[in-house]
Each structure stands twice: as structure tokens, then as C-alpha cells.
Amino acid sequence: MNAVTTSPAPDVDVVLPCLNEAGALPWVLARVPAGWRALVVDNGSTDGSADLARSLGATVVTEPRRGFGAACHAGLTAATADVVCFCDCDASLDPGLLAPFVREIRAGASDLVLGRRRPQTRGAWPVHARAGNLALARMLRHRTGLRLHDLGPLRAARREPLLSLGLTDRRSGYPLQMVVRAADAGWRIAEHDVPYLPRTGASKVTGTWRGTWHAVRDMRRVLAEPPAARAGDSDSDSDSNSNSERSGTR
């Protein structure tokens, strides 16, 4: 098992949004590369996820506001490493796959690196979730010109530039808003294939058609943002904080 460090100066911080993922945490944390710090952001778990994560050597951040974006952003603000990665905490993605992403960022070849999910089994990625993702990728292409195929959670970038994007969404639109604002800022964005495994437990967002529809609705709202919208827009920030109260993490 790779050691998960809690050093105050980690090589890389890995943000792991968590809502009742006790069944997946041992597998996920065992695959965080040595020298990196796992930041498990507990978003209201009732299954002992936070205590389990601490016992396995992770740093636990508590974010009481429900929402995938709220959890991700709490992890980003808690991070101290120059490079920050994001990965789901449900064992569908191996955080070890982030190592080449980090090398690409450090080499200056890209500013944001994303993982394009490639299902390894028929049930790994439900049809409704895949259809929603495809529709969003097409809308993203229309909005930004980026020819991406996936808006998956596995990604890496430098911390300070990420913070400078002024991300305000605290629901399901957070990953998309990151890409849209990065594109508007002229970032070099790369996409690489990664294996996608069946998740442990039920998805909090895309496990049903209804959940997928709500996620797509959140993301359509992000795509409708004018390019100049930033965190300084008090109305946008207020709306985002209000919305975050009604959404759970994945």
C-alpha cells in the first residue's frame, strides 16, 4: 500500500469529495501516489467515512454545505501544494492515473489535464449518464470551441491559477465551470483516456435519469454564463451559495 502523507508541504494534493464512501475509501487511498496528500472532503457522511479516512492517513476537510462543487472547492481552498488534482472517491477511478497528468502540468505542456473515462464493463457508466455527458460535451464545444469528449472528475492543474478562475458553482456544474472559465482564460487543456470502473455504492447525482437531468440543468446554467462573469459578481455568488444547499455530491 502506498503511504498517504499528511505532510504540510506535499508534492501534490488530491481532492477527494466524499459522501458515504466508506466502502471505497481503502481502495482509493491505497492508490494515492507516495508523497502526495489525500484531502478527503467529507460532505455530511453518516457511514463513518471521515473517521475511516483519518485512520488510513488522509487529511479530512469538513464541508457541511451539500454539493459536489462545495466539496471540491473546500478541498481546493484547503490545499497547499502547487499542483492540485481531483478524483471521485467511489473507486470508479484510480488516483494513481493522475501521475502523468501532474508531469504534464509541471512540464508546462498543459494548464489543465482531464481524464476521458473509458468504461471497462458495460455497467460502469449508465446509458443516461453517458448521454448527458455527450450532450454537455457538444454544448461545451459550441460555447468554447474545445473538442473534448468528457467532463469527468479526474483532473490536474496548478492551485493558484485554479483559484484565480473565481469558481462560484457549488453544485454539479463545478467541473464544467472550471473547464469553461479555463478556456475563456486561454488555458491549454488536454484530455487523455483513463479506465473507468463500476463505482462502489450508488451515485448521488447520475445514478438516475432524474439525477442526470438535474446535473445537466446545472451545467446548462454554467454554459449560459457570459465570459466576463467571475466570483466578484455578488449576484452569481449569492445564487450559487443558495443552490448548493439543495444538491448532494456524486
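Residues numbered from 1 in each chain as written. Predicted model: local features only at pLDDT ≥ 70, side-chain atom pairs only at ≥ 80, totals over all residues. Heavy atoms only, no water.

**Some words on the overall build of the protein chain**
Okay, step 1: Across its full length, the protein chain carries nine helices and seven strands.
Okay, step 2: Split into buried and exposed, the 250 residues of the protein chain put 54% on the buried side.
Okay, step 3: A separation threshold of at least 6 residues defines the contact pool for the protein chain, and within that pool the share at least 24 residues apart is 78%. (Helix = DSSP H or I, 4+ residues; strand = E, 2+ residues; numbered from the N terminus. Buried < 20%, exposed > 50% of the residue type's maximum accessible area, 1.4 Å probe, protein only. Contact = heavy atoms within 4.5 Å.)

**Overview of the pattern of salt bridges**
Okay, step 1: Evaluation of the coordinates by the stated rule reveals 10 salt bridges.
Okay, step 2: Of the charged contacts, one joins Asp193 and Arg118 as a salt bridge, the two residues approaching to 3.3 Å between their closest N and O atoms. Residue Asp193 is located in strand β7 (residues 189-196), and its partner Arg118 is located in strand β5 (residues 112-119); the two are separated by 75 residues in the primary sequence.
Okay, step 3: Take Arg118: its relative accessible area is 36%, and that puts it in the partly exposed class.
Okay, step 4: Across the salt bridge formed by Arg181 and Glu225, the nearest N and O atoms sit 3.2 Å from each other. Highlighted residues: Arg181 in helix α7 (residues 174-184) and Glu225 in the loop between α8 (209-223) and α9 (234-244), separated in sequence by 44 residues.
Okay, step 5: What makes Arg181 buried here is its relative accessible area of 1%. (Salt bridge = Lys/Arg side-chain N within 4 Å of Asp/Glu carboxyl O.)

**Considerations on the nonpolar core**
Okay, step 1: Core analysis: the largest hydrophobic core is formed by 34 residues, its most contacted members being Leu112 and Ile189.
Okay, step 2: If you list the elements that add at least two residues to this core, you get β2 (37-42), α3 (68-78), β4 (83-86), β5, α5 (127-144), α7 and α8.
Okay, step 3: Examining the composition of this core, we find that six residues originate from one element, α7, more than from any other.
Okay, step 4: In this view, Leu112 contacts Ile105, Arg155, Ala156, Ala157, Met178, Val179, Ala182, Trp187, Arg188, Ile189 and Ala190; residues no more than four positions away in its chain are not counted.
Okay, step 5: Judged by nonpolar contacts, the second largest core, of 32 residues, contains Leu16, Leu29, Ala53 and Ala156. (Core = buried A, V, L, I, M, F, W, Y, C linked by side-chain atoms within 4.5 Å.)

**Let's talk about unusual backbone geometry**
Okay, step 1: With phi around 55°, Asn20 is a residue other than glycine that occupies positive phi space.
Okay, step 2: Looking at the secondary structure, you find Asn20 in the loop between β1 (12-18) and α1 (25-30).
Okay, step 3: By relative accessible area, which is 31% here, Asn20 ends up partly exposed.

**Things to note about the pairing of β4**
Okay, step 1: Alternating positions in β4 separate into two faces, Val83 and Cys85 on one and Val84 and Phe86 on the other, with burial throughout.
Okay, step 2: Across four bridges, the pairing between β4 and strand β6 (residues 155-158) is antiparallel. Bridged to Phe86 within β6 is Arg155. (Pairing = 2+ DSSP bridges.)

**Digging into empty space enclosed by the protein**
Okay, step 1: One pass over the structure, following the stated rule, counts two cavities of 30 Å³ or more.
Okay, step 2: In this structure, the largest cavity encloses a volume near 50 Å³.
Okay, step 3: In this structure, the largest cavity is lined by Phe68, Cys72, Phe86, Pro153, Arg155, Tyr174, Pro175 and Met178.
Okay, step 4: Among the secondary structure elements, those contributing two or more residues to the lining of the largest cavity are α3 and α7.
Okay, step 5: Looking at the lining of the largest cavity, the element that brings in the most residues is α7, giving three residues.
Okay, step 6: Residues belonging to the lining of the largest cavity are distributed by class as follows: seven nonpolar, no polar and one charged. (1 Å grid on protein atoms, 1.4 Å probe; cavity = no way out; pocket = protein on both sides within 12 Å on 5 of 7 lines; lining within 4 Å. Points joined across faces, edges and corners; volume = space filled by probe spheres on them. Nonpolar A, V, L, I, M, F, W, Y, C, P; charged D, E, K, R; others polar.)

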